[in-house]
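The lines below spell out each chain.
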Amino acid sequence: QVQVVESGGGSVQPGGSLTLSCVVSGRIFSTAAMAWYRQTPGNERELVAGVTNGGRTNYGNFVQGRFTISRDNAKDTAYLQMNNLKIEDTAVYYCKAKPKLSQNEYWGQGTQVTVSS
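Some thoughts on the pairing of strand E4 (residues 32-39)
Phase 1: Judged by how many residues are buried, E4 sits mostly within the fold: 6 of 8 residues are covered.
Phase 2: Note that E4 and strand E9 (residues 91-99) share 8 bridges and pair antiparallel. Bridging from a neighbouring strand, Met-34 pairs with Ala-97 of E9.
Phase 3: Bridge analysis of E4 against strand E5 (residues 46-51) gives 5 bridges, and the strand direction is antiparallel.

If you want it as structure tokens, here you go:
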């Protein structure tokens, strides 16, 4: 059974940093494309960053060099390093795992990130 568990959310001031972690169990991580999404009330979930199983990355336009996605296959963990956080980055951040050659997608429960002064 696949489980996706995010952690690392919290409250920070504008300009601060947070690192989110996403641990995937179920022996799919090494072949999975990983992605972080975020969602605010009343809005659709939007892509923040993604990394393929081969290490290629992509980012939402709003990231503008502030965030870095990475993965550690030895730990079955994906990370999202977020720097220079802005108030508008406040959202619930979700991690998604999509194994290669599978139509299945596995989502975590989300972790809250709040940026306020």
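Next, the rest of the story.
Digging into the sheet that holds strand E7 (residues 67-72)
To summarise the sheet geometry, strands pair through backbone hydrogen bonds and adopt either a parallel or an antiparallel arrangement.
Phase 1: Read from one edge of the open sheet, 4 strands run E1-E3-E8-E7, paired in antiparallel fashion. Only two strands of the sheet have a single partner each, and these edge strands are strand E1 (3-7) and E7. Pairwise comparison of adjacent strand axes, ignoring direction, gives a mean angle of 15 degrees for this sheet.
Phase 2: Bridging between E1 and strand E3 (residues 18-25) involves 5 bridges; their strand directions are antiparallel. Note that in E3 the partner of Glu-6 across the bridge is Cys-22.

Analysis parameters
- Residues numbered from 1 in each chain as written.
- Predicted model: local features only at pLDDT ≥ 70, side-chain atom pairs only at ≥ 80, totals over all residues.
- Heavy atoms only, no water.
- Buried < 20%, exposed > 50% of the residue type's maximum accessible area, 1.4 Å probe, protein only.
- Helix = DSSP H or I, 4+ residues; strand = E, 2+ residues; numbered from the N terminus.
- Pairing = 2+ DSSP bridges.
- Axes fitted to C-alpha atoms, helices over the stretch in contact; angles between N-to-C directions.

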